[in-house]
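# Analysis of the macromolecular model
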Protein chains: 4
Amino acid sequence: MRTYLRTVNYYETDKMGVVHHSNYIRYFEEARTAFMEQAGYPYERLEREGIMSPVIAVSCDYKKPVRYRETVAIDVHLVKMTKFRCAFRYEVRDAGSGELRATGTSQHCYLDGQGGIVNMEKTNPAFLETFRAECEEEP
Amino acid sequence: MRTYLRTVNYYETDKMGVVHHSNYIRYFEEARTAFMEQAGYPYERLEREGIMSPVIAVSCDYKKPVRYRETVAIDVHLVKMTKFRCAFRYEVRDAGSGELRATGTSQHCYLDGQGGIVNMEKTNPAFLETFRAECEEEP
Amino acid sequence: MRTYLRTVNYYETDKMGVVHHSNYIRYFEEARTAFMEQAGYPYERLEREGIMSPVIAVSCDYKKPVRYRETVAIDVHLVKMTKFRCAFRYEVRDAGSGELRATGTSQHCYLDGQGGIVNMEKTNPAFLETFRAECEEEP
Amino acid sequence: MRTYLRTVNYYETDKMGVVHHSNYIRYFEEARTAFMEQAGYPYERLEREGIMSPVIAVSCDYKKPVRYRETVAIDVHLVKMTKFRCAFRYEVRDAGSGELRATGTSQHCYLDGQGGIVNMEKTNPAFLETFRAECEEEP
């Protein structure tokens, strides 16, 4: 598990006065990117190696709103890492109080430049090795 | 079920050359807004009546990417409508071929101006009546 | 001059209760895209022909806010069309009353796939011809 | 002058493979927010005091594209600070090489809760004092 801190921008709020719900999906992406970077295998390395890792599913449960200039701590858990897929779980908390704001999930596959499915065991074993060490549940 | 047509904007694509996954959540909101308007009870009427209806959960499953200037037809199904909550289901298809691109869900509650939970049977019976007539599954 | 109609989405508002100022730049892009399509030379044709037309300058003056579900009529004027550059001017009005909400400008150049400057007189004369007929000021 | 560092997110890129031009306007807002916070008078304090400071004009000139995961250093210059208005100038550079990527401007006024123009000399003299000390040009 790794934690990502994020402070809310004005343009991310809506007329309800809180962060628009679609932006949590973007926060998850940022948090996942930071996770990969901290684990030593940034997403841009994957892209340089010719692999894309699109999102194939995403979900978010909203518990309490987040407001302008509040800082959230997003705990990112890598919960699945196989040669064909991976999955993350997210917990968004108020950075000060630790109170839960939202939880979420995302799933990803691996594609080559032609959009074909990639077996990471064959093409990027270092990727699998790096992230299996981070994974909290069995593949 | 009601259908919403949407053509992809340039600013909604990402460097993969397709619509960024977070934007589907925004398309769902647009489609839901059109649904309510067509059903005769637009969301802005609810707001004028002092009710907010925040998203409490959202999900999306991505099947095939959507590209710049493609038009999708989003089928919006109201699948739950109770005095405390409602839920929608979405199917995103290529408007030309009908091929499935994504599916999704959203859940909503009702709040008053102070953030308190609202019982729509007491405060907005016309809202319940309008949308129960649209609902495809039993409350 | 061609006019583009646009209704404001919830996710485009901010906690001031109005459309966030950055979204006007996106509305201009949508209006420009519709302009090109209506003129008979859609932007995606340009891209298929291997030309990109990035924005090199943009500006917006905000007169009055625009709110959720309001519809604006954006008048798009092509005010410059040369072999190396083009420029647009925008007027955003309330679609009902005609009252001015904002004005703006954008400038664009033409690049090939390697990022090199393109002389459209040599590579895409049909493009120049189409849009010179739309241009309101002398090149 | 104060400098704000910002790393590009995936969702901020477009199908040209670079940061979409509208996002620079959002980066300016972030940079301005950081400027105010560092100067000791954060924007949220202004809001708590019942003042809004909407953008009345914005511009951006794009020199060179910025790509995914690149970090830019945005120099924020407060160039005008009067009782009715203020103006900022921005220089966006590659954080590593210092190479210029874009320049921009924004202008702002002050409004009360009813949308009336506010004379900051009367209502918020501490605001004027704080930012006049930051201002690089004569009011």
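Residues numbered from 1 in each chain as written. Chains lettered and ligands numbered in written order. Predicted model: local features only at pLDDT ≥ 70, side-chain atom pairs only at ≥ 80, totals over all residues.

## Here we look at the overall build of chain A
Helix and strand counts for chain A stand at 4 helices and 5 strands. Each helix and strand of chain A, placed in order from N terminus to C terminus, yields the pattern β-α-α-β-β-β-β-α-α. Taking the principal axes of its C-alpha atoms as reference, chain A extends roughly 50 × 30 × 20 Å. The buried share of chain A, reckoned over its 139 residues, is 40%. Within chain A, counting contacts between residues at least 6 apart in sequence, those at least 24 apart form 67% of the total. (Helix = DSSP H or I, 4+ residues; strand = E, 2+ residues; numbered from the N terminus. Buried ≥ 20, exposed ≤ 12 C-beta atoms within 10 Å, placed from the backbone. Contact = placed C-beta atoms within 7 Å.)

## Observations regarding the interface of chain B and chain A
With 15 residues of chain B in contact, the opposing surface of chain A contributes 15 residues. Broken down by secondary-structure element, the contributors of at least two residues to the side of chain B that touches chain A are α1 (22–39) and β2 (55–62) of chain B. Take the side of chain B that touches chain A: its biggest share by element is 8 residues, from β2(B). A per-class count over the side of chain B that touches chain A returns 10 nonpolar, 3 polar and 2 charged. (Nonpolar A, V, L, I, M, F, W, Y, C, P; charged D, E, K, R; others polar.)

## A word on unusual backbone geometry
If you check the backbone angles, A:Arg69 has positive phi at about 70 degrees while not being a glycine. The topology assignment puts A:Arg69 in the loop between β2 (55–62) and β3 (71–81).

## Topic: the confidence of the model for chain A
On average, residues of chain A score 96 in pLDDT, and 99% of them are at 70 or above. For this predicted complex, the interface confidence comes out at an ipTM of 0.96, alongside a pTM of 0.97. (pLDDT = per-residue confidence, 0-100.)

## Quick look at the relation of the copies chain B and chain A
Of the transformation placing chain B onto chain A, the axial shift is 0.0 Å and the rotation is 180 degrees, giving an RMSD of 0.0 Å. A rotation of that kind, with that shift, is consistent with a two-fold axis. Residue B:Ser59, judged by its C-alpha, is the member of chain B lying nearest the rotation axis, at 2.0 Å. With an isologous cut-off of 70% or more, the 100% of interface residues of chain B that recur at the interface of chain A puts this contact in the isologous class. (Least-squares fit on C-alpha atoms with pLDDT ≥ 70 in both.)

## Things to note about the sheet that holds strand β5 (residues 100–109) of chain B
Spatially, 10 strands are ordered β1(A)-β3(A)-β4(A)-β5(A)-β2(A)-β2(B)-β5(B)-β4(B)-β3(B)-β1(B) in an open sheet, and the strand pairing comes out antiparallel. The sheet is open, and its two borders are formed by β1 (2–7) of chain A together with β1 (2–7) of chain B, each paired with just one other strand. Across the sheet, the mean angle from the axis of one strand to that of its neighbour is 20 degrees, orientation sign disregarded. Both strand β4 (residues 85–94) of chain B and β5(B) contribute to a ladder of 9 bridges, which runs antiparallel. Following the sheet pairing, B:Glu91 is matched in β5(B) by B:Thr103. Together, β1, β2, β3, β4 (85–94) and β5 (100–109) of chain A form the strand contacts of helix α1 (residues 22–39) of chain A, whose direction differs from that of β1(A) by roughly 135 degrees. (Pairing = 2+ DSSP bridges. Axes fitted to C-alpha atoms, helices over the stretch in contact; angles between N-to-C directions.)

## Considering the interface of chain C and chain B
Taken together, the contact between chain C and chain B spans 10 residues of the former and 10 residues of the latter. No other element matches helix α1 (residues 22–39) of chain C, which puts 4 residues into the side of chain C that touches chain B. In terms of residue class, the side of chain C that touches chain B is made up of 3 nonpolar, 2 polar and 5 charged.

## Digging into the relation of the copies chain C and chain B
One copy of the chain maps onto the second through a rotation around an axis plus a translation along that axis. Rotating chain C by 180 degrees about the axis while translating it 0.0 Å along that axis superimposes it on chain B, leaving an RMSD of 0.0 Å. Of the interface residues in chain C, 100% have counterparts in chain B that sit at the interface too, so the contact is made through matching surfaces.

## Comments concerning the sheet that holds strand β5 (residues 100–109) of chain C
Adjacent strands of a sheet pair through backbone hydrogen bonds, lying either parallel or antiparallel. Overall, antiparallel pairing links the 10 strands, which are arranged β1(C)-β3(C)-β4(C)-β5(C)-β2(C)-β2(D)-β5(D)-β4(D)-β3(D)-β1(D) in an open sheet. Every interior strand has two partners, whereas the edge strands, β1 (2–7) of chain C together with β1 (2–7) of chain D, have only one. Here the average twist between neighbouring strands, direction ignored, is 20 degrees. Judged from the 7 bridges that link them, strand β2 (residues 55–62) of chain C and β5(C) form a sheet pairing that is antiparallel. Residue pairing for β5(C): C:Tyr62 is matched across the bridge by C:Ala102. Packed on one face of the sheet, helix α1 (residues 22–39) of chain D meets β1, β2 (55–62), β3 (71–81), β4 (85–94) and β5 (100–109) of chain D and runs near 135 degrees to β1(D).

## Topic: α1(A)
All names here are of chain A. For α1, with 18 residues, the first-to-last C-alpha span of 27 Å sits near the 26 Å given by 1.5 Å per residue. Summarising burial for α1: 14 of the 18 residues are buried, a large majority. Within two residues after α1, Gly-40 carries a phi angle of roughly 100 degrees, on the positive side. (Expected span 1.5 Å × (residues − 1).)

## Thoughts on the environment of B:Val18
Residue and element names in this part refer to chain B. The topology assignment puts Val-18 in the loop between β1 and α1. Looking at Val-18, the number of C-beta atoms within 10 Å reads 21, which means it is buried. Beyond its immediate stretch of four places on either side in the chain, Val-18 contacts Thr-13, Pro-65, Val-66 and Arg-67.

## Digging into the packing of α1(C) against α1(D)
Between α1(C) and α1(D), whose axes approach to 8 Å, the crossing angle comes to 175 degrees. By the angle class used here, α1(C) and α1(D) are roughly antiparallel. Contact with α1(C), carried on its side by C:Ser22, C:Ile25 and C:Arg26, involves D:Ser22, D:Ile25 and D:Arg26 of α1(D) and no other residues of that element. (Parallel < 35°, antiparallel > 145°, perpendicular 65-115°, else oblique.)

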